[in-house]
Amino acid sequence: MNRDTIYHLPEDSEESTFCYDESRPALPLPKLEHTLKRYLESLKPFGTPEELERSKTIIEAFRTGIGAKLHAMLEEKAKNEKNWVAKWWEDYAYCTLRMPLIPYCVMAQPLMFETVGLDAVPENFLKGAAIFCWINMRFWKLVRTETLRPIASADKKIIFSSELYKRLFNTARIPGLEMDKIETYFKTEKEGECPSHLLVIYDGRIFKLNGLHENGEILSPQEFLLMLQQIQQKVDSERASHSGVPLLTNDDRTTWARNRNHLMELSEHNRYLFKEIEGAVALFSLDTNEPGNYSEVAARTLVGDLHSKWADKSAVMVCFKNGRMGCMGEHSCYDGTISISMSLYCMLTIYEEGIPDWSIPPKKLVQPVELVFDVDDNIRSEIIRMQEVADKMQNCVIVTVDQFTGYGKEYMKSKKIHPDSWVQTALLLAYYRLHGTFAPTYETAMMRQYYKGRTETCRSCSIETVNFIEAMQQHSKESSGATKAKLFRTAAYRQTELMNEARKGNGIDRHLFGLWCMAYDQGLPIPELYDDPLYSKSGGGGNFILSTSTLGFTINCGFVAPMCMDGYGCFYSMLTDNVWSIMTAYKDSEVTSCHKLVAAFHQAMEDIRSLMEAEDVSSNKL
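Residues numbered from 1 in each chain as written. Predicted model: local features only at pLDDT ≥ 70, side-chain atom pairs only at ≥ 80, totals over all residues. Heavy atoms only, no water.

J.: How should the overall build of the protein chain be read in this particular structure?
T.: A tally of helices and strands in the protein chain yields 21 helices and 15 strands. The C-alpha atoms of the protein chain give 25 Å as radius of gyration, which agrees with the globular expectation for 622 residues (25 Å, within 12%). Considered along the principal axes of its C-alpha atoms, the protein chain spans approximately 75 × 60 × 55 Å. Counting across all 622 residues of the protein chain, residues that qualify as buried make up 58%. Across the protein chain, every contact between residues at least 6 apart in sequence was considered, and the portion connecting residues at least 24 apart equals 77%. Surface exposure of the protein chain reaches about 25500 Å², of which carbon and sulfur atoms provide 51%. (Helix = DSSP H or I, 4+ residues; strand = E, 2+ residues; numbered from the N terminus. Rg over C-alpha atoms; globule rule 2.2 N^0.38 Å. Buried < 20%, exposed > 50% of the residue type's maximum accessible area, 1.4 Å probe, protein only. Contact = heavy atoms within 4.5 Å. Areas by Shrake-Rupley, 256 points an atom, 1.4 Å probe, with all protein chains shown as cover.)

J.: In this structure, what is going on with the nonpolar core? I would like to understand it.
T.: Within soluble globular proteins, side chains that are nonpolar generally end up buried alongside one another. Ranked by size, the top nonpolar core spans 149 residues in total, and within it Phe 139, Phe 224 and Trp 310 carry the most contacts. The element best represented in this core is helix 7 (residues 124-144), accounting for 14 residues. Once you skip the residues sitting within four places of it in the chain, Phe 139 turns out to touch Tyr 7, Leu 148, Tyr 165, Leu 168, Phe 169, Ser 341, Met 342 and Tyr 345. Ranked by size, the runner-up nonpolar core spans 45 residues in total, among them Tyr 407, Val 423, Ala 485 and Phe 488. (Core = buried A, V, L, I, M, F, W, Y, C linked by side-chain atoms within 4.5 Å.)

J.: Please explain the sheet that holds strand 13 (residues 546-550) as it appears in this structure.
T.: Within a beta sheet, neighbouring strands are joined by backbone hydrogen bonds and run either parallel or antiparallel to one another. Overall, mixed pairing links the six strands, which are arranged 10-15-14-13-11-12 in an open sheet. Every other strand in the sheet has two partners, leaving strand 10 (397-404) and strand 12 (455-459) as the edge strands with one partner each. Strand-to-strand twist across the sheet, computed as the mean angle between neighbouring axes with direction ignored, equals 25 degrees. Examined bridge by bridge, strand 10 and strand 15 (residues 579-586) share eight bridges and lie antiparallel to one another. (Pairing = 2+ DSSP bridges. Axes fitted to C-alpha atoms, helices over the stretch in contact; angles between N-to-C directions.)

J.: Whenever I open this one, the side chain of His 197 confuses me. Can you help?
T.: You can see His 197 is positioned in strand 4 (residues 197-202). At 2.7 Å, the side chain of His 197 forms a polar contact with the backbone oxygen of Glu 276. In this structure, His 197 is in contact with Lys 208, Leu 209, Asn 210, Gly 211, Glu 276, Ala 280, Val 281 and Ala 282, ignoring residues within four places of it in sequence. (Polar contact = N/O pair within 3.5 Å; in protein donor to acceptor, adjacent residues only side chain to side chain.)

J.: Quick question: what am I supposed to make of the packing of aromatic side chains here?
T.: Describing an aromatic ring pair means giving the distance of the ring centres and the angle of the ring planes. Under the counting rule described, the total for this entry stands at 33 aromatic pairs. Aromatic rings pair up to connect Phe 404, Tyr 407, Tyr 411, Trp 422, Phe 468, Phe 488 and Phe 601 into one cluster. The ring of Trp 88 carries Lys 77 above its face, with NZ or CZ at 4.4 Å from the centroid. (Phe/Tyr/Trp six-rings, centres within 6.5 Å; stacked < 30°, edge-to-face > 60°. Lys NZ or Arg CZ within 6 Å of the ring centre and 35° of its normal.)

J.: Which parts of the structure should I look at to understand helix 4 (residues 66-80)?
T.: Helical geometry: 3.6 residues make up each α-helical turn, so side chains three or four residues apart lie on a common side. In this model, helix 4 (15 residues) spans 22 Å end to end at C-alpha, consistent with the 21 Å of a helix rising 1.5 Å per residue. Looking only at helix 4, the buried set comprises Gly 67, Leu 70, His 71, Leu 74 and Lys 77. Angular distribution of buried residues about the axis of helix 4 spans 115 degrees; they occupy a single face of the element. Exposed residues lying more than 90 degrees from the buried face of helix 4 are Lys 79 and Asn 80. The inward-facing, buried residues of helix 4 contact helix 2 (32-43), helix 3 (49-64), helix 5 (86-95) and helix 19 (509-521). (Expected span 1.5 Å × (residues − 1). Arc of directions from axis to C-beta.)

This is the structure in structure tokens:
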């Protein structure tokens, strides 16, 4: 794996980062009949015969009645918009949510930089942060100069949209009283000027760091380190009370919107500070926590020191006092594949270029500038209130980072089964063994091959998976090892089919979501289909018990909090001979347990391997 071949366009290349974006094909709109047929099939694992019969009646009435009317409107919308769901998805799936962004709406990732030579030691609290600043600015410049390679499939037959890279940097989610909005200050060099400064927050105090010299050259790691040392010395020596405004960003969105509006009304200076903060390239949070392992790093990256997180920022790098690191992204701005791309670039840069020579002095003394808000008694009381909220939020999400070492993608592929389908089926088996029910499961299907495409839902819990799980729970001769192996293959193959169909635009959930949005926007009554108990029981309306995603085939693995209070987040990366996973659950849930799910997953993986090996023995006998 080489950084240049993955990320850097050759100097004489006729391509540019965004050159294919406008030519991406329009997002398909499935036929209503096909979507409803797939939807009914997806209900089967979760309903009794009576419930399924009732749902079938509701679906048929929808198909011939209001659903047909809404779909016709959607077809007209799709004729005029290359991506008919994009605006709705941003507004209604993200920006109308009123919950705090942390922990409910952000992505996070523990960074394993020690695997590429950057040790997790206290000495690297600031040195690691300086390297991170330097590499972030290099990646920012790649995107700004449009010399980052356009993303393509391994065989180069599919070109993906790079549009979301424009919201990785210089972007923030601005709170609104009823709906947030995404504000980006990023521009390519062709488009014009763009802010080039970084933010650092340490113990709640906010500092602005120049990212470039006057000649456009990126500051060196040594220069970034000197600025960070100045910040640490200033904050640690003064121990002055800080304004605490970053804490307010972690509130529910409506309350934060009110407080933000009040701060802006207080002074012109505050309005200037908001532009400086929201327009900054990225935020570096210097966190005095000292997480001891990857699970703790992951949990502290997600929550940790909320004094030093500005939740609205699209890209947040968290640097811990003991030298460990993590990163966080605001999900409405971009998807996890962008975060993984960025973190892999950082790791490859450190691996290929090594650690900077810290004995080389900075070329120039560049001083950070502290950004201090004007506050009044009202804001001070709100900060005191949020301090209590922040204390209660600590450890609100349990995170388990795990490595299954029994086997990896090569073994799975040797059995002619896609590794993702293998792991998905094992997760569903593990959940059933732990909880005794079938889990409505969301797996992310990437749709960036389409114009401004993002994601679709692959509903992994199929009737074929149910048949396999039920067979695995039978210990009598009714279900032999050969039968179980065959059912596993059938379930895994079905999962591959479902994923392939979703990626073609033949999913279920975005279409049903679009029909709901059309009814809502037109002021029509919400159809009965969305009130059917099996709609939510199968995961509809954001009720998926397992929220899952494959993150590819590198060591980088990110995560989000579960969709439901009694649900799990399950995210994994499949390497040659092992599988990394991150599982999340809410601390307040009396139902879930990350540690028990991990153990059940390990057992499921081992049991499935035993089935496959028994299948080989049986085949050889024949």
